Amino acid sequence: MAGTCPAGHRSATDDYCDQCGAPMRPGDRSASVDPGGASGRTSEIAGAAGPAPEATKTCVHCGSPAASRDRFCEVCGYDFVSGDVPARDGDTAPADLAAEAPVAARDGDTAPADLAARAHSDAGWRLIVDADRAHFDRVRPDGISFPVAFAPRVFELCGDVVVVGRGDGRGPGPDIDLGGEPEDVAVSRRHVLLERAPDGSYTLLDPGSTNGTLVNEADQPLPLGRRIALKDRDRLFIGAWTRIMVRTG
Amino acid sequence: MTFRLEVFQNEYLPEAATEVNAIITVTNDGPSGAGGDAVEIILLDTSGSMADPPSKLREASLATKAAIECLRDGTYFAVVQGSNTARLLYPPPDRDGGGLAVADSVTKREAIASLSGLEASGGTAIGRWLLQARDLCALRPSAIHHALLLTDGKNESEEPADFEAAIGACVGHFQCDCRGVGTDFTPAELRAMATALLGSVEIIVDPSGMAADFRATIEDAMGRDVGEVALRVWVPQAARVKFLKQVSQQITDLTDLAAPVNALTADFPTGAWGADARDYHLCVHVPPQPVGAEMLAARVTVVVNGEPGDQGKVLALWTDDVARSTRINRHVAHYTGQEELAEAVQAGLDAYDAGDDVTATARIRRAVVLAHETGNTAMSDLLARITEGDPATGTFRLKPRVEDADRLTLDTRSTKTIRVQKPQ
């Protein structure tokens, strides 16, 4: 017998107790945790932070239910462990974006009509969100139906960085939240990013949405990470049926 | 012959966590050169369907010929003809000492000659073929036992329970590589059999590809000269092995094959080895410990022909440092992705078969993303055959007409993995 562990088990092994696995010499971790050290251990690490799994969980990206053992959301591919949507070139860590983004326009409880009126009077930049049948027919989304009724929503743009996406009521949502019924589930939690240029105009960037962003007549999605200048009456098509019209005055 | 064992993991766990994951890599540097006795059984489907088209049986015969030619002289071998019964084709059942021939130039030529009279008739009762192989292997108990099984159809001439019982009766007696030819066999059946018998599964869509596959499979088997290698896993009291899977080359769940050594230790068979490196994913459920606690979650020893060898430790260190506990070891992440990929492909194809296109599309879309992320280009190519559009946009969908051969190939190869790539 090599000794007795702190819990009182007699152990034939002298590194860890052969009954309960506790270290035989608590506090002495140099031999055990040294990366690449004794017994061929290698602690090569990759990936970033993520929430601890629960019995069941909800995808924080698209709101779909998922089994706690799933690493990825089946619907949008959100990575529960790293917190990333499927990694692609030009992808920026969404968490950082959210942290940097000042709270800008919020849907809130303000009646859209009021917002529209105010935005118009200020001649500021605003987004008009509507459901677009032609876009829906073009993407032919599986398992998603076109909304029966949709009231256009108007969002005023303010702040240097505005995140547009579909929140789930948990955690820091996007600045402009397209969530709420009828909900376009193909819109990502952080779908596009609008940044104010020094001249007061806005640029558009898709930081890595799951389903991409189409601009005006383009039939290919905007390359992820590419910044383009926005102008009055530009139309952005995202998700399964969402159309965003840009107005500047 | 040197077996080395390495452990890849992030030992830091968040508070209250109970699951420890590690990738165990076992490497055998070289052949022993000992060249022990080997038994090779070829199980050839000669059921009626093998005559449709006639080229199938012809190619199967040619493949068997190629396999026989690869046998090392001195190998004990037999060719079994399978339908709703199993019949010894070679050596002739009435020969003295019967059951197994010793490979040399004469017996190989005789065995090849016996293939010329093959006729396809009868049904398919694979369990009976397996039992025949087991009986033949038992004639040389100390040898390394391997079988190569070819079938083109569903196992429809015996009850599923009988098939399962036959597989169970063969576990540990021989390893079996399973091959499906054509588009009428059931990948899940082959997979269940190959998993239990520590073998590989492969589809041969074009019968003319059979000979090359048989040759490679037999050469592989002939290269294995270490008969019994097991992973001995000790876990502490109140802990249990949630699963142990072989994850490189292909995913094979070894969890149910555990043979208890004592209350805390079990041996998981890994079959025969040549010069090889294989990765295993070990997942241990441990009782949660307070922050700051340290525990040995598993001690893994490679056991070669009963002799314990190299050893590795899987640790658990509970911490409130989120930066540490949430990092994922690159190896663990890679194989977790590959396991999920296999599940997504199989679930997607099951849903497709059941007519549930929404689920099928969602799972297959996930598989496409995972195959790309994990660099499994073979799987990406197979998935591209049944899908169109870009998974990153709403245009992604399954092709309106998915070819049987593409679907079966994808299903059969869904458990094939690639090894961890060197970091960029």
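Note that the structure is a prediction, hence the values are computed from the model and not measured. (Residues numbered from 1 in each chain as written. Chains lettered and ligands numbered in written order. Predicted model: local features only at pLDDT ≥ 70, side-chain atom pairs only at ≥ 80, totals over all residues.)

In this section: helix H3 (residues 126-137) of chain B. Residues and elements named next belong to chain B. Across its twelve residues, H3 extends 17 Å between first and last C-alpha, which sits within 8% of the 16 Å expected from 1.5 Å per residue. For H3, a buried count of ten out of twelve residues is recorded, marking the element as mostly surrounded by other parts of the structure. Its buried side turned inward, H3 meets strand S4 (38-45), strand S5 (76-82), strand S6 (86-90), strand S8 (144-151) and helix H4 (160-170). (Helix = DSSP H or I, 4+ residues; strand = E, 2+ residues; numbered from the N terminus. Expected span 1.5 Å × (residues − 1). Buried ≥ 20, exposed ≤ 12 C-beta atoms within 10 Å, placed from the backbone. Contact = placed C-beta atoms within 7 Å.)

All names here are of chain B. By the criterion of burial, S6 is predominantly enclosed, with four of the five residues buried. As judged from the four bridges shared by S5 and S6, these two strands associate in the antiparallel manner. Following the sheet pairing, Gly82 is matched in S6 by Ala86. Connecting S5 to the antiparallel partner S6 that follows it, the hairpin turn spans three residues. (Pairing = 2+ DSSP bridges.)

Next up on the list: the packing of helix H9 (residues 357-373) of chain B against helix H10 (residues 377-384) of chain B. All names here are of chain B. Two elements in contact, H9 and H10, have axes separated by 8 Å at closest approach and are oriented at 150°. The orientation of H9 with respect to H10, classified from their angle, is roughly antiparallel. Our pair here, H9 against H10, has a crossing hand that is left-handed. For the pair formed by H9 and H10, the contact residues are Ile364, Ala367, Val368, Ala371 and His372 on the first element and Met379, Ser380 and Leu383 on the second. (Axes fitted to C-alpha atoms, helices over the stretch in contact; angles between N-to-C directions. Parallel < 35°, antiparallel > 145°, perpendicular 65-115°, else oblique. Left-handed = near helix turned anticlockwise from the far one by under 90°.)

Residue and element names in this part refer to chain A. Taken in spatial order, the five strands of this open sheet run S8-S7-S16-S15-S13, and their pairing is antiparallel. The outermost strands of the open sheet, each flanked by one partner alone, are strand S8 (153-156) and strand S13 (213-215). Adjacent strand axes in the sheet meet at a mean angle of 25°, parallel and antiparallel pairs treated alike. Strand direction decides the pairing type here: strand S15 (residues 235-238) and strand S16 (residues 242-247), joined by four bridges, are antiparallel. If you follow Arg235 over to S16, its bridge partner there is Met245.

All names here are of chain A. Residues with a pLDDT of 70 or more make up 59% of chain A, whose mean pLDDT is 71. Helix H2 (residues 94-100) is the least confidently modelled element of chain A, averaging 38 in pLDDT, while S15 averages 94, the highest of any element. A low-confidence stretch, residues 87-122 stays under pLDDT 50, and its non-local contacts, those more than four residues away or across chains, total 56 contacts. (pLDDT = per-residue confidence, 0-100.)

The next thing to look at is unusual backbone geometry. Cis geometry is found at the peptide bond from Asp52 of chain B to Pro53 of chain B, where omega equals -5°. Among the secondary structure elements, Pro53 of chain B is positioned in the loop between S4 and helix H1 (54-70). Non-glycine residue Asn216 of chain A carries a positive phi angle of around 50°. Among the structural elements, Asn216 of chain A can be located in the loop between S13 and strand S14 (227-229). Residue classification places Asn216 of chain A among the exposed positions, given that 9 C-beta atoms sit within 10 Å.

Moving on, we come to the nonpolar core. Across soluble globular proteins, nonpolar side chains show a tendency to be buried alongside one another. Ranked by internal contacts, the top residues of the largest apolar core, which has 130 residues, are Leu43, Val80, Leu282 and Ala297 of chain B. Broken down by element, this core gets its largest block of residues, nine residues, from helix H8 (residues 330-353) of chain B. Those residues in contact with Leu282 of chain B that lie beyond four places of it in its chain are Ala22, Ile24, Val233, Leu244, Ala298, Val300 and Val314 of chain B. Formed by 33 residues, the second largest nonpolar core is a distinct cluster that contains Ala131, Phe136, Leu157 and Val215 of chain A. (Core = buried A, V, L, I, M, F, W, Y, C linked by C-beta atoms within 7 Å.)

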